[in-house]
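# Summary of the model geometry
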Amino acid sequence: MRTITIAIDGYSSTGKSTVARQLADWLDYLYVDSGAMYRAVTLFALRKGLISETDFNKEALIETLSAIELEFRKNSEGKSEIHLNGENVEKQIRTLEVSEHVSPVATVPEVRRKLVKLQHAIGENKGVVMDGRDIGTVVFPNAELKIFMNASAKVRAQRRYEELLERGDSITFQEVLDNVTERDHIDTHREDSPLVKAKDAIEIDNTETNIEDQFHIILQLAKDRIAGRI
Ligand code: CDP
């Protein structure tokens, strides 16, 4: 059976990583969360004091990029988790603070070049499901299956709000909604690799679809592509 590359792009909090992980498990493919990489670079910049409420020292971040080493390692349950210079930061990168600063960091071409290079290296042997914003357009433009995910901003913010509450974060729904809409704006308007649906991507709006149904729809598409039926 042939192995393919699956690219899942879309707006923030559309459940890309949930379905990407489910697909990778089912197909026994590698799952790569490219957003986790941008989040880890942002966490690094925050820790180094390169980002404050009012300022983002881009030049200093670019200068220290070579000091950032990222790696995905599987935990005891087989779940892939991101490590920043050897430290597991999977939980630390999911805070609202990181979410509030990640999109400006992701506009920096030097950051994108470094991460795209790593994404190519990880995914070069196919058998990979990668989710993000530019996977089907820039990272793997020849991916055999491209999915573009969307849902209403309110539904997306509600899902992310519940996730953060479950983790014990103290935030309001409005803060999450503002973050989701602001990131969408920056991600779609940046000059380098903006979020845009690839011409050959299949769009899925999951405003009213549950996780299970969505998984079955996308799995069927993947099986058809692998078998060369569509
Ligand atoms: O999970 P969520 O939809 O909140 O976002 P994410 O996938 O963790 O990505 C966080 C941020 O990283 C996005 O809002 C983008 O600014 C950036 N990103 C990107 O520019 N390119 C990618 N391939 C993945 C993420």
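Scroll up to find the structure.
Here we summarise the structure given alongside this text. (Residues numbered from 1 in each chain as written. Predicted model: local features only at pLDDT ≥ 70, side-chain atom pairs only at ≥ 80, totals over all residues. Heavy atoms only, no water.)

## Some points on the site of the ligand
We count it as follows: One heavy atom within 4 Å of a molecule or strand makes the whole residue count as near it. Pairing of N or O atoms within 3.5 Å defines a polar contact, subject to two protein rules: one partner must be a possible hydrogen donor and the other a possible acceptor, and residues neighboring in sequence count only if both atoms are side-chain atoms. Reported accessibility uses the Shrake-Rupley method at a 1.4 Å probe radius. Residues are deemed covered only where the shown protein chains occlude them. Runs of H or I in DSSP of at least four residues are treated as helices and runs of E of at least two as strands, each being numbered from the N terminus. Note that Gly is not counted as nonpolar here; it falls among the polar residues with everything else outside the nonpolar set of Ala, Val, Leu, Ile, Met, Phe, Trp, Tyr, Cys and Pro and the charged set of Asp, Glu, Lys and Arg.
By nearness alone, 19 residues border the ligand, and S13, R39, D134, D187 and R190 come closest of all. Here a nitrogen atom of the ligand sits 2.8 Å away from a polar atom, N or O, in the side chain of D134. R190 places a side-chain nitrogen or oxygen 2.8 Å from an oxygen atom of the ligand. For the ligand, whose unbound accessible area comes to 530 Å², protein coverage reaches 98%. Those elements that provide at least two residues to the shell around the ligand are α2 (34–47), α4 (96–105) and α8 (173–189). Ranked by residues supplied to the shell around the ligand, first place goes to α2 with four residues. Taken together, the residues that form the shell around the ligand break down as four nonpolar, six polar and nine charged.

## Let's talk about the sheet that holds strand β3 (residues 70–74)
Just so we agree on the cut-off: At least two bridges found by DSSP between two strands are what make those strands a pair.
Taken together, three strands build an open sheet; the order of strands is β3-β4-β5 and the sheet is antiparallel. Where the open sheet ends on each side, the last strands, each with one partner, are β3 and β5 (87–88).

## Describing the packing of helix α7 (residues 153–166) against α8
Going by this rule: Fitting a line to C-alpha atoms yields each axis, with helices limited to the stretch in contact; the angle taken between N-to-C directions then spans 0 to 180 degrees. We call two directions roughly parallel when the angle between them is under 35 degrees, roughly antiparallel when it is over 145, roughly perpendicular when it lies between 65 and 115, and oblique otherwise. By definition, any crossing whose near helix is turned counterclockwise from its far helix by less than a right angle is left-handed, and any crossing with a clockwise turn is right-handed. The contact criterion used is simple: two residues touch if any of their non-hydrogen atoms lie within 4.5 Å.
In contact at an axis separation of 9 Å, α7 and α8 are set at 125° when each is read in the N-to-C sense. Classed by the angle they form, the pair α7 and α8 counts as oblique. Considering only the axes of α7 and α8, their crossing is right-handed. Counting all contacts with α7, which are made through A153, K154, R156, A157, Q158, R160, Y161 and L164, the residues of α8 involved are F173, V176, L177, V180, T181, R183 and D184. Residue classes in the contact of α7 with α8 are distributed as eight nonpolar, two polar and five charged.

## What to know about the packing of aromatic side chains
What counts, and what does not: Two rings belonging to Phe, Tyr or Trp (six-membered ring only in the last case) form a pair when the distance between their centres is within 6.5 Å. Interplanar angles under 30 degrees mark stacking, angles over 60 mark edge-to-face geometry, and anything in between is tilted. Throughout, exposure labels follow a simple rule: accessible area from a 1.4 Å probe, protein chains only, divided by the maximum for the residue type, with under 20% read as buried, over 50% as exposed, and the rest as partly exposed.
With the rule as written, the count across this model stands at two aromatic pairs. Between Y11 and F148, the ring centres sit 5.8 Å apart and the planes meet at 80°, which makes this aromatic pair edge-to-face. Here F148 lies in strand β7 (residues 145–150) and Y11 lies in the loop between β1 (5–10) and α1 (16–27), a separation of 137 residues in the sequence. Residue F148 is classed as buried on the basis of its relative accessible area of 5%. Measuring from centroid to centroid gives 5.9 Å for Y161 and F173, while their planes differ by 80°, and the two rings are edge-to-face. Placement of Y161 in helix α7 and of F173 in helix α8 is noted, with a sequence separation of twelve residues between them. Taking the relative accessible area as the measure of exposure, Y161 reaches 19% and is therefore buried.

## Examining the sheet that holds strand β2 (residues 30–33)
Paired through backbone hydrogen bonds, the strands of a sheet run either parallel or antiparallel to each other. One open sheet holds the five strands; their spatial order is β2-β6-β1-β7-β8, and the pairing between them is parallel. Two strands lie at the open edges of the sheet, namely β2 and β8 (202–205), each paired on one side alone. Strand-to-strand, the axes of this sheet are offset by a mean angle of 20°, without reference to chain direction. Note: β7 against β8, four bridges, orientation parallel. Within β8, the residue paired with I147 across the bridge is I202. Sheet contacts for helix α9 (residues 211–226): β1, β7 and β8; angle to β7, the most-contacted strand, approximately 160°.

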